[in-house]
Amino acid sequence: MKILVIGSGGREHALVWKILQSERVREVYCAPGNAGIGELAECVNIKADDIAGLLHFAKKEKIDLTVVGPEVPLVLGIVNEFEKENLMIFGPSKEAARLEGSKVFSKEFMKRHNIPTADFKVFDDVKAAEAYVSDSRFPLVIKADGLASGKGVVIAKNFAEAKTALDEIMRQKIFGDAGRRVIIEECLIGEEASILAVGDGSNFALLDSAQDHKRIFDGDLGPNTGGMGAYSPAPGGLRELLRMIAFNIIMPVIQGMRKEECSFRGVLYAGIMITEDGPKVLEFNVRFGDPETQAILPRLKNDLVEVMLASCEGKMHQVRLDWDKRACVCVVLSSRGYPGNYEKGKEITGLKEASSVSSAVVFHAGTEKKDGKVLTSGGRVLGVMSLGDGIEQAIDTAYQAVEKIKFDGCFFRRDIGAKAMGRVET
Ligand code: AMP
Ligand code: GLY
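Okay, so let's go over this structure. Remember, it's a predicted structure, so these values are computed and weren't measured experimentally. The written sequence of each chain sets the order in which its residues are numbered from 1. Here the convention is simple: chains get letters from A, ligands get numbers from 1, in the order in which they are written. At least 70 in pLDDT is required for a residue's local features to be given in this predicted model, at least 80 for side-chain atom pairs to be given and counted, and no such filter applies to totals for whole chains, interfaces and linings, which use all residues. As a rule here, side-chain values come from all non-hydrogen atoms in the structure, and water together with hydrogens is ignored.

Looking now at the sheet that holds strand S3 (residues 42-43). When DSSP finds two or more bridges between a pair of strands, those strands are recorded as paired. Elements are defined by DSSP. Helices are runs of H or I of four residues or more, strands are runs of E of two residues or more, and each kind is numbered from the N terminus. Across the sheet, five strands lie side by side as S3-S2-S1-S4-S5; this open sheet has parallel pairing. Two strands bound the open sheet, and with one partner strand each, they are S3 and strand S5 (89-90). Pairing between strand S1 (residues 2-7) and strand S4 (residues 65-68): four bridges, direction parallel. The residue of S4 that forms the bridge with Val 5 is Val 67. Contacts between residues were defined by any pair of non-hydrogen atoms, one from each residue, lying within 4.5 Å. Geometry is summarised by axes, namely lines fitted to C-alpha atoms with helices restricted to the contacting stretch, and by angles between N-to-C directions that run from 0 to 180 degrees. Those strands touched by helix H1 (residues 10-19) are S1, strand S2 (27-32) and S4, and its axis lies near 165° from that of S1.

This part is about the sheet that holds strand S11 (residues 204-206). Ordered in space as S11-S10-S16-S17, the four strands form an open sheet in which the pairing is antiparallel. Two strands lie at the open edges of the sheet, namely S11 and strand S17 (278-285), each paired on one side alone. The sheet shows a mean angle of 30° between the axes of neighbouring strands, direction not considered. Examined bridge by bridge, strand S16 (residues 265-275) and S17 share seven bridges and lie antiparallel to one another. Directly across from Thr 275, in S17, lies its bridge partner Gly 278. Along the sheet face, helix H12 (residues 304-313) touches strand S10 (191-200) and S16 and points at about 65° away from the line of S10.

Right, here's the structure in full:
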């Protein structure tokens, strides 16, 4: 088979790496890819949101299966466009991608189907929103309706912070049209977990659990990022809740979307807060998580291409996922300044040495190749993954590999996976 992977981050590097382990695969292309992906697959210079360009390429190259990494093309309707041309593509339709593309759609859908989530109100008028927060108890959470690269969520500790957030989102429109409407919701307290499932419209299979580290600094301090590291599986207590999450959250989503005639195919990612009242949904994403994917896929024993084909063909009931018992940790190396402004173009050294640490793999996120050198080109630069017999060993080897890599302004958390120590049975 010829496969096209869309995207350019660590998630896509992990997808390409795993797809290449399939015996059915002859060639893999990635658009646009990065320096690390370029070592494994043929990178094609087409942006992830250039749907016409991607469609033209897939037709010309007779691609058998297209795999979409990021949310933007999904929300724009890439799956609908490919299917019109009878091209096989893994992911949800434009209508189903609203679960991520519109937080208002997603919250109202959850309400219609009794899926546990934070209480909320929707506002399209900034004055009404301000009046509401002036009368509320804090903290509360303000979210722009549309896509905002993971930055559209503010946890306001007091009225002044809430007012600033509303002003930025609704008046100054820092996220553009994504901020035309906002959700104001109750702040949930507890431990977060990412639960991913692969659906085919009617059935689904849960992937094993993972935990992301969203804040920039050790101890979960500082601003939110796209994710500074992840480990899988999540700690014991969280794993026991998996059944409950499957029955009370994932299944009603798959059934509810089907009833509403926007059947969900592809990866459903539920960001969950384990509260005192049980698991509640923070958000849905309609694609693999980044960096969760880099910690989950190395533990998947199945042929990922078979799983994706089953999703496209409505055969998920035939799929049984098998997991490596080892633990997996992925540490993200970022550019100094991320998630704010950061510099690019710094030379990266030590990549070969890091990859030679046994059980470690370096996934590239924001890198490019110039004159034979690998340079930084993004906020999240690399994800260093390692498997281990137990979380402690996975952490040890991942950090051994991290220590070999150098670039100016390299920043990473030193506590990835630490909160799981002693709590994970593999
Ligand atoms: P989201 O983009 O909705 O996942 O939000 C990003 C992050 O904001 C989540 O991973 C949580 O850490 C936090 N968050 C979102 N909604 C809530 C909430 N209702 N209560 C507490 N934290 C939240
Ligand atoms: N790791 C969070 C996300 O993929 O959205």
